[in-house]
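# Structure assessment
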Amino acid sequence: MVWRSVELPVLPTTVIGSYPRPKWLREFIAGYRERRYKEEQMREAFDDAVIAVLNDHREAGVDIPSDGEMRRDEMVEYFAERIDGFKFYGPVRVWGNNYFRKPAVVSKLRYKGPMVVDEFLFTRRVTYSEVVKVTITGPYTIADWSFNEYYPSKEDLAFEIARIINREIKALEEAGAIYVQVDEPALTTHPEEIEWAIEAVNEAVKGVNIKVGLHVCYSDYGILRPYYDRLNVSQFALEFANRGFRDLEVLKGLNKELGFGVVDVHSRRVESPEEVAAAIRKVMQYVPPECLFINPDCGLKLLPRRIARQKLRVMVEGTKIVREELKRKGLERVELRKELTCP
Amino acid sequence: MAVFGAALIGSYPRSEKVATIHRKLIKGVIGMEEFERLIGAETERLIGTFVKAGLDSFTDGMLRWDDIFNPLIRFVDGVEVNGLVRFYDNNFFFRAPVVKSDPSLKDSEPITAWCRKGVEVLEKLGVKGQVTLKQPLPGPATIASASIAEGEDVEDLIDKWWSGVLEPLTKDLIKGGCVPEFHEPEIVWDLSRRDLWVKAVELVASVNEGWYVTYFRPADPVVDMLARLGEGFVVAVDVVSGTDAGKMVSAGVKRLALGAVDARNTKMERCRALVSLAKRVAEDGAEEVFVANNTLLDFLPEPVARKKVRFLGRVKRRLVRESGV
Ligand SMILES: [Zn+2]
């Protein structure tokens with residue numbers, strides 16, 4: 001596929017990826033696990049859920065929606081289940097009584113074929129928008145959240161995963177995707193590994209000719225800062241509402257597009273459009289408006305759907321306030337860019 | 001000749017069944033009393049498996065605990081329980097204590113009673129006196145560093161946590177027949193505050209008895225402090241993270257637990273390698289040598305933890321056989 005240019009309103013609004021699964025879907029999944037439904041029925045339920053999510057995104061006025069990751073239970077599990085060489089021994093606790101099925105790498109990892117291409121194709125078929133975002137968990141996070149029984153080092157493991165992710169992103173590109181976001185929440189958690197972690201991300205996006213964003217959340221962005229230039233992605237999608245829009249200083253020297261997190265996904269309090277607008281005005285002191293996307297801090301999946309919907313609406317309304325101000329300065333439209341620098 | 005043993009330090013992962021018991025409590029399906037009855041039964045069963053595996057020194061698996069701070073900090077006056085904080089570099093989170101005023105242990109704390117219940121299980125199994133039951137507690141340096149306390153420095157917090165909570169609890173535990181197991185990853189994690197840790201180690205040393213556990217990083221840089229704990233303490237170090245066990249012995253640590261079974265990787269260790277390491281440490285002059293897990297087994301899926309526990313017993317049996325002790 002070739003890159004095509006798409007026009008968007010200035011300050012394009014988007015999501016990070018995940019969205020609450022509708023209650024009926026959660027119940028259906030439980031029933032499917034008890035073998036009460038056939039695989040085909042499960043797939044149909046997922047499809048219906050994606051349509052419902054896109055409808056929520058459309059009603060809120062989000063410019064670039066996602067499928068809400070309806071088919072994915074968890075961001076590492078989903079990929080580990082679809083790559084040869086992983087094994088699941090059982091859940092491990094993450095906090096309290098909350099668990100994660102942490103995979104173990106027990107043999108050489110092999111790409112079995114597309115993992116999320118079908119997700120993308122369905123989303124594109126039913127979406128209201130010209131562009132959709134496809135998320136994919138990054139190589140460092142998959143390596144960090146797995147047990148390594150096979151590779152000599154975590155670095156070797158991460159680079160092997162990076163080559164697999166690279167094939168997947170290229171398969172998405174082949175299928176017509178133009179916007180992929182690599183999710184790396186673990187990227188800064190071991191500062192002593194950041195040098196090669198950055199290169200693993202670069203390996204994953206090597207030779208890719210579409211727009212690639214990188215999402216890093218709940219992290220010390222100071223650790224990331226020296227590597228802005230070295231990361232071969234066009235956008236950083238970062239979380240700022242959670243930190244009360246402090247730490248914006250870390251954006252000094254950013255020469256890429258910023259996906260600016262304006263609503264807190266860990267709080268049920270719904271922000272006001274004015275708060276969102278004020279935050280956008282504040283960030284514009286560091287990043288020019290033509291290099292800004294607006295999004296929630298992180299995936300919305302842990303919120304009740306009603307609140308998630310309201311948060312998206314507020315995000316769009318707040319953005320529109322600032323758009324009006326920019327219009328007076330003659331800035332109304334931007335182009336979807338894949339360039340590694342901005343402006 | 002040294003005495004060899006197998007030991008479990010810290011927590012054991014919740015089985016499916018234990019997770020269900022917790023879920024029922026959280027959802028309000030069962031009350032505290034029923035929870036205690038069910039968890040008590042599971043703990044008893046678990047202790048049985050430790051004994052059967054051949055462990056000489058172990059905890060009760062901490063099935064009632066969320067992490068090394070909780071629920072302890074819920075039984076402390078002057079402290080509130082905050083949101084989730086990452087536990088060092090793990091994808092594991094704990095609820096941090098917020099220190100509002102000087103922490104002081106509540107009389108209603110149930111931890112001593114849990115320890116007594118564990119000791120009763122040992123009696124029932126007929127192994128009391130042959131094995132050691134330990135109660136893990138956060139060390140003063142680790143809990144002080146994990147505390148959120150406005151305007152308090154870590155040095156004062158170390159003192160306050162020790163005198164108000166850890167010291168009285170430790171004394172009660174010892175009276176109840178349990179051995180305190182202090183978890184102090186902080187002293188090897190943040191070497192820039194070494195001077196403060198010297199004091200924290202001295203406080204712990206004052207109880208003259210227990211296990212002192214460090215993990216996640218090599219203990220070599222703090223070996224001088226560990227040597228000062230005295231003969232009443234078994235010092236457990238993280239060999240997987242690169243601690244030079246020989247260095248511990250030459251610095252004067254006589255009772256050493258080798259954290260050589262990796263609780264952060266599902267890969268199984270080689271029996272031969274552990275046996276040689278333990279023998280070497282004994283030859284270096286250690287009087288008591290335990291093979292152990294390096295850190296909380298909670299980082300592993302339960303089926304793998306079970307295998308690693310049995311493996312520890314196997315290593316010990318081979319050591320005993322080969323050394324003729
Ligand atoms: Zn995130």
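As a reminder, the structure under discussion sits directly above these lines.
Residues numbered from 1 in each chain as written. Chains lettered and ligands numbered in written order. Predicted model: local features only at pLDDT ≥ 70, side-chain atom pairs only at ≥ 80, totals over all residues. Heavy atoms only, no water.

## A word on the packing of helix 1 (residues 23-33) of chain A against helix 2 (residues 39-60) of chain A
All names here are of chain A. Where helix 1 meets helix 2, the closest approach of the two axes is 10 Å, and the angle between their N-to-C directions is 165°. Relative to helix 2, the element helix 1 lies roughly antiparallel. Like other packed secondary-structure pairs, helix 1 and helix 2 cross with a definite hand, here left-handed. Side by side, helix 1 and helix 2 meet where W24, L25, F28, I29 and Y32 of the first sit next to E39, Q41, M42, A45, F46, D48 and A49 of the second. Of the residues that constitute the contact of helix 1 with helix 2, the class distribution is nine nonpolar, one polar and two charged. (Axes fitted to C-alpha atoms, helices over the stretch in contact; angles between N-to-C directions. Helix = DSSP H or I, 4+ residues; strand = E, 2+ residues; numbered from the N terminus. Parallel < 35°, antiparallel > 145°, perpendicular 65-115°, else oblique. Left-handed = near helix turned anticlockwise from the far one by under 90°. Contact = heavy atoms within 4.5 Å. Nonpolar A, V, L, I, M, F, W, Y, C, P; charged D, E, K, R; others polar.)

## Some thoughts on the interface of chain B and chain A
Taken together, the contacts link 25 residues of chain B with 18 residues of chain A. Contact between chain B and chain A buries roughly 1,900 Å² in total, counting both sides, with carbon and sulfur atoms accounting for 51%. For chain B, the biggest contributors to the area lost against chain A are N91, T266 and P301 of chain B; these three give 26% of the whole. Counting every contact that joins chain B to chain A gives one salt bridge. A salt bridge links D298 of chain B to R93 of chain A; its shortest N-O distance comes to 2.7 Å. At the junction of chain B with chain A, the criterion picks out nine residue pairs in polar contact (both at pLDDT 80 or more). Listed by contribution, the elements that provide at least two residues to the side of chain B that touches chain A are helix 1 (16-27), strand 3 (76-86), strand 4 (93-105) and helix 11 (302-323) of chain B. (Buried area = accessible area lost by both parts, 1.4 Å probe. Salt bridge = Lys/Arg side-chain N within 4 Å of Asp/Glu carboxyl O. Polar contact = N/O pair within 3.5 Å; in protein donor to acceptor, adjacent residues only side chain to side chain.)

## Focus: helix 9 (residues 273-283) of chain A
Residues and elements named next belong to chain A. Among the residues of helix 9, those classed as buried are P273, V276, A277, A279, I280 and V283. The arc that holds every buried residue of helix 9, seen down its axis, measures 160°, which confines them to one face. If you follow the buried residues of helix 9, they end up packed against strand 11 (257-261), strand 12 (292-295) and helix 10 (305-328). (Buried < 20%, exposed > 50% of the residue type's maximum accessible area, 1.4 Å probe, protein only. Arc of directions from axis to C-beta.)

## Some thoughts on the nonpolar core
By size, the foremost hydrophobic cluster in this structure holds 250 residues, and its most contacted members are F260 of chain A together with F87 and L226 of chain B. Considering every element that reaches this core, the biggest residue donor is helix 6 (residues 154-175) of chain A, with eleven residues. Those residues in contact with L226 of chain B that lie beyond four places of it in its chain are I187, Y212, A219, V235, V237, M248 and V253 of chain B. (Core = buried A, V, L, I, M, F, W, Y, C linked by side-chain atoms within 4.5 Å.)

## Some remarks on the state of the cysteines
This structure, assessed with the given rule, holds two disulfides over all chains. Here C291 of chain A is linked by a disulfide to C342 of chain A, with a sulfur-sulfur distance of 2.0 Å. Around the S-S axis, the bridge from C291 of chain A to C342 of chain A shows a dihedral of about -85° and counts as left-handed. Within this pair, whereas C291 of chain A is found in the loop between helix 9 and strand 12, its partner C342 of chain A is found in the segment after strand 13 (333-335), the two being separated by 51 residues in sequence. Assigned by exposure class, C291 of chain A and C342 of chain A land together as buried. One disulfide bridge connects C115 of chain B with C178 of chain B, the sulfur atoms lying 2.3 Å from each other. Looking down the S-S bond of the C115 of chain B and C178 of chain B bridge, the torsion is 115°, so its handedness is right-handed. With a gap of 63 residues between them, C115 of chain B in helix 3 (residues 111-125) and C178 of chain B in the loop between helix 5 (154-175) and strand 6 (179-183) connect regions that are remote in the sequence. Under the relative-accessibility criterion, C115 of chain B is labelled buried at 2%. (Disulfide = S-S within 2.5 Å.)

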